[in-house]
Amino acid sequence: MPNRGDIVLGSGFALLGGILGALVLLSSGHLLFYQFFSPEIVYWACGRGFGHPAQVLPKLLVFLSDQSTSFSCADLPQDGPLGPVGIFTQTHLYLMSVVAALWRISSIDYNNLWPLISLLAGAYTAGCYALLRLFFARWSAVLGGLILAFSPVALTMLLYPRDFAKAPFLVWGIVLLVAAVRQHRQALTLVHAAAAGAVVGIGYGFRSDVIIMLPLGPFLLLLAIGPGMWLRRALASIVFAACLVLCAWPMLLGNQGGGMGAMLMKGAADPFSRYLGLGAAPYSFGAAYSDEFTLSSIAADLRSTDPGRWDDNEPTPIYGMSQSITSSSGYVAQRFKFVAGDMATRALKSAAWIVGFPAVMDLQRLQQNPGGEADTHSEINRSLRGLYSLVGHPWLPYVGIVGMLAFFWRQSAYRPREAIGLVVVFGVLLGYSGLQFAARHVFQLEFFWVLVILALVHAVLEARRLRPALPRFLTWTVALGVALATTYAGLIGLQTASLRRELVGLRAGSRQIVPVVSVPEAGRTVFPIPIPTQYQPLLAAQPDSMVGQTLPVAVEWNVRAAADRLLLTLGGAQCRKGDFDLALDYAKRDAWQPFDRSIALSTSGEPQQRIEVLVSVYYRATQNISGISLPSAFADCLLSIQKLEKPTQLPMAFSAVLYPGWQDQTLALSLGDFSLPPAVSNNANP
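Residues numbered from 1 in each chain as written. Predicted model: local features only at pLDDT ≥ 70, side-chain atom pairs only at ≥ 80, totals over all residues. Heavy atoms only, no water.

Can you explain the overall build of the protein chain? Please cite residues and give values.
A count of helical and extended segments in the protein chain gives 30 helices and 13 strands. Whereas a compact globule of 686 residues would reach a radius of gyration of roughly 26 Å, the protein chain reaches 27 Å, a difference of no more than 12%. Here the C-alpha coordinates of the protein chain stretch approximately 80 × 75 × 50 Å along the principal axes. For the protein chain, the residues scored as buried account for 55% of the 686 residues in total. In the protein chain, once contacts between residues fewer than 6 apart in sequence are set aside, the share between residues at least 24 apart is 83%. Carbon and sulfur atoms provide 64% of the accessible area of the protein chain, an area that totals close to 27400 Å². In the protein chain, 48 side chains carry a positive charge and 40 a negative one; their mean positions are 12 Å apart. (Helix = DSSP H or I, 4+ residues; strand = E, 2+ residues; numbered from the N terminus. Rg over C-alpha atoms; globule rule 2.2 N^0.38 Å. Buried < 20%, exposed > 50% of the residue type's maximum accessible area, 1.4 Å probe, protein only. Contact = heavy atoms within 4.5 Å. Areas by Shrake-Rupley, 256 points an atom, 1.4 Å probe, with all protein chains shown as cover. Lys, Arg positive; Asp, Glu negative; His and termini not counted. Charge placed at Lys NZ, Arg CZ, Asp CG, Glu CD.)

And the structure:
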């Protein structure tokens, strides 16, 4: 049980966080929590009922898109039917309900949400102190808590309450689970397990990411509670899961599921690899962080067998999500062998970055952050950036890794069963973040870098007491390291063999020649790609749910796309030596996220060299491939364009540049290093 001093300090941290949260909001006046998907909150705040209007008023959409800071209920129509609550509001019911309630008792203004922001910030800072206090002396927990309370990354994320909300619920879920493990009385164990489940379940109504604790909580309780207490372990696990599901039930009822695959495919795109600092590979699963590209690629694969049935089964707006989302988990599971090694690489690299968190949040690296630069540029943040600049160097992740070893050395000495459970829980949390590594998706794990640095300090101070546990700790560490290295090598081998086999088979299959006609155009030569007859009705149809540059009013509910795989062969006696770019050009008609892209190539000038470029080209109502272009000086390098007709399980998003000898390469991303990247423009997802 916490003593009076910890209660006072925890309350002080809560107050500090609350004040900082209010200051951040009031200094900005803007918030983003995807409120444009939830006009219900305004209607309820105005006393018009909790339902989704048939059409969102333009003035209301301006407010919900954060282009104005306030809205008057007088601007809503006096009548007009409301439909049921939309799927987005249903799956974020607790967040949206709190927002609506605050606006109802005050007025519809983003500044009036300061109690919510203060509560979330206060809960987070107090939770960070409580978490650190579980493992360290009070002075360490105070120091670490202050660092996390004044984190410029966390303060920035307060302006994104949907994303920020997962932080306090996750932290307190961990705190209560560890506290449940340490209780001596069964009743107190069950109370803490129930509280942990309730906290995570309520958090699910703010941001669904916290559901990762559903399997991790019971695992920790089953493994870490004292030896011989099987009944207590079982009861605590059941109570935790039951309370979580009970509190999350309203959102679970509206969750159509299956979207993890789409998230993984988006996270496999090149911008995430660059931000992680991974080594290059001869292939890509997407040149940009783009909902439209990822969902179109999934739809093009799944829709191809029966386009009419796919189109008929797409749901209505507001109340459903496209099959390209709900079917994506199964889609990726069938193709897991093609991404298995890369997923492991992303998990390992993301874990290393998180234990050296300030290094990955360096302003120069943040220019590559796929979610946009995590800095409000407010006076508060500018004054705090100096702290992270002092320690955010490429060597910090290495120190963090050593600190993580020190943490588990201490835990194995003092609480060995708990240490084993936390290895899995912390390992999953750190690795899971690699699925889509961006600042707004991983900031809630910022406590790890403070945790491991403090552990390193304490390990040095307590070395004499910890020394007897060192042999056992080293034995387990080596065994775990060997197991991880063996598994990692196996996954890399599986991916390499699967990609190599699939590419060899695909290239050996039937091909259809695409006529090569060159058209000079402003220093480049364009090779038009004719539109296949079977895709012309799709291009002539009404656009689907991904259209235009204005904000959507619902989660993507209708996605229609078709695609072909093309194999471009370059080289020959007329191909000069040099570096150049090959561009895929698209004709666009009010497109949302254009698919145009460039592929960097390098030719040796040797007549016998052949470079094969495998690309997918897309056909949608809003955009379609129009041609392939090269600099005119390298136009003679393009020898042929062929459509590959052999069926394949390769994701349609997959593309590759195959130089001579590619069969002998490891077809997987490498871990890379932690060096700072050159400043580049970022392709962020709106």
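Lay out helix H12 (residues 213-224) with the relevant residues and their values.
With twelve residues, H12 should cover 16 Å at 1.5 Å per step; its first-to-last C-alpha distance of 15 Å lies within 8% of that length. Here H12 has its buried residues at Met213, Leu216, Gly217, Pro218, Leu220, Leu221 and Ala224. Next to the buried residues of H12 lie helix H10 (166-182), helix H11 (186-204), helix H13 (230-254) and helix H25 (416-432). (Expected span 1.5 Å × (residues − 1).)

Tell me about empty space enclosed by the protein, and please be specific about residues and values.
Evaluated as defined, the whole model comprises four cavities of 30 Å³ or more. Within this model, the largest cavity holds a volume of roughly 180 Å³. Lining of the largest cavity is provided by 15 residues; of these, Asp209, Tyr432, Ser433, His441 and Gln444 occupy positions nearest its centre. Across the lining of the largest cavity, the residue classes tally to nine nonpolar, four polar and two charged. Volume-wise, the second largest cavity comes out at about 60 Å³. In this structure, the second largest cavity is lined by Gly17, Leu20, Ala121, Tyr124, Thr125, Leu148, Ala149, Ala154, Leu155, Leu158 and Phe164. When residues of the lining of the second largest cavity are traced back to their parent elements, those giving at least two are helix H1 (4-28), helix H6 (114-133), helix H7 (138-149) and helix H8 (152-157). Among the elements that make up the lining of the second largest cavity, the one with the highest residue count is H6 (three residues). (1 Å grid on protein atoms, 1.4 Å probe; cavity = no way out; pocket = protein on both sides within 12 Å on 5 of 7 lines; lining within 4 Å. Points joined across faces, edges and corners; volume = space filled by probe spheres on them. Nonpolar A, V, L, I, M, F, W, Y, C, P; charged D, E, K, R; others polar.)

Lay out a nonpolar patch on the surface with the relevant residues and their values.
On the surface, a nonpolar cluster with roughly 430 Å² of combined accessible area is contributed by Phe219, Val423, Val424, Val428, Leu480 and Leu484. For the nonpolar patch, the secondary-structure elements that each account for two or more residues are H25 and helix H29 (470-508). Element by element, the count of residues in the nonpolar patch is highest for H25, at three residues. Within the element layout of this structure, Val424 appears in helix H25. When its relative accessible area of 30% is taken as the criterion, Val424 is described as partly exposed. (Patch = residues over 30% accessible without salt bridge, like charges linked within 9 Å, V, L, I, M, F, W, Y side chains within 5 Å. Salt bridge = Lys/Arg side-chain N within 4 Å of Asp/Glu carboxyl O.)

Mind laying out unusual backbone geometry, listing which residues take part and the relevant values?
One non-glycine residue, Tyr34, lies in the positive phi region at around 55 degrees. If you check the backbone angles, Ile318 has positive phi at about 80 degrees while not being a glycine. Within the element layout of this structure, Ile318 appears in the loop between helix H17 (307-313) and helix H18 (323-326). With relative accessibility at 15%, the residue Ile318 sits in the buried group.

For the pairing of strand E12 (residues 638-644), give the residues involved together with the corresponding values.
Taking burial as the measure, the seven residues of E12 include six buried ones, the bulk of the element. Pairing of strand E7 (residues 562-571) with E12 involves six bridges; the strand directions are antiparallel. Bridging across to E12, Arg565 finds its partner in Leu644. (Pairing = 2+ DSSP bridges.)

I'd like a rundown of the side chain of Ser433, residues and numbers included.
Here Ser433 is to be found in the loop between H25 and helix H26 (439-442). When its relative accessible area of 6% is taken as the criterion, Ser433 is described as buried.

Quick rundown of the packing of aromatic side chains? Include the residues and the values.
Within this structure, the stated rule accounts for 33 aromatic pairs. A ring pair is formed by Trp103 and Tyr110, whose centres lie 5.8 Å apart and whose planes are at 65 degrees; its orientation type is edge-to-face. With a relative accessible area of 0%, Tyr110 lands in the buried category. Each member of the aromatic cluster is reached from another via a ring pair, and the members are Phe135, Phe136, Phe407, Phe408, Phe426, Phe447 and Phe448. (Phe/Tyr/Trp six-rings, centres within 6.5 Å; stacked < 30°, edge-to-face > 60°.)

Go over the pattern of salt bridges with me, naming the residues and quoting the values.
A side chain with one charge can pair with a side chain of the opposite charge if their charged atoms come near. The full count for this structure, using the stated rule, is 17 salt bridges. For the salt bridge of Asp75 with Lys59, the shortest nitrogen-to-oxygen distance reads 3.2 Å. Linking Asp75 in the loop between helix H3 (58-64) and strand E2 (82-83) with Lys59 in helix H3, this pair joins segments that are 16 residues apart in sequence. Look at Lys59 and you get exposed, because its relative accessible area is 53%.

Tell me about the nonpolar core, and name the residues and values.
The biggest cluster of nonpolar side chains holds 202 residues, and the ones touching the most others in it are Val42, Trp103 and Leu570. Ranked by residue count, the leading element in this core is H10, at eleven residues. Residues within four places of Trp103 in sequence aside, it is in contact with Phe33, Ile41, Val42, Ala45, Phe63, Ile108, Asp109, Tyr110, Asn112 and Leu113. (Core = buried A, V, L, I, M, F, W, Y, C linked by side-chain atoms within 4.5 Å.)

I'd love a proper account of the state of the cysteines, names of residues and values included.
Enumeration over the complete set of coordinates arrives at two disulfides. Disulfide pairing is shown between Cys46 and Cys73; the S-S distance is 2.0 Å. Taking the sign of the torsion about the S-S bond as the criterion, the disulfide between Cys46 and Cys73, at about -85 degrees, is left-handed. In this pair, Cys46 is assigned in the loop between helix H2 (40-45) and strand E1 (52-53) and Cys73 in the loop between H3 and E2, connecting sequence segments 27 residues apart. Accessibility expressed as a relative area gives 25% for Cys73, which makes it partly exposed. A sulfur-sulfur distance of 2.1 Å marks the disulfide that ties Cys575 to Cys637. (Disulfide = S-S within 2.5 Å.)

Quick one: what's the story with the pairing of strand E10 (residues 610-619), residue by residue and with numbers?
Of all the ten residues making up E10, nine are buried; the element is thus mostly covered by neighbouring parts of the structure. Alignment of E7 against E10, held across ten bridges, turns out to be antiparallel. Residue pairing across strands places Ala562 opposite Tyr619, the latter belonging to E10. The pairing of E10 with strand E13 (residues 655-658) spans three bridges and is antiparallel. When the sheet's bridge partners are listed, Val613 is paired in E13 with Val657.

Describe helix H5 (residues 93-105), with residues and values.
For H5, spanning 13 residues, the distance from its first C-alpha to its last is 18 Å, which sits close to the expected 18 Å at 1.5 Å a residue. By the burial criterion, the buried members of H5 are Leu93, Leu95, Met96, Val99, Ala100, Leu102 and Trp103. Where H5 is buried, its residues contact H2, H3, helix H4 (87-91), H6, helix H9 (161-164) and H13.

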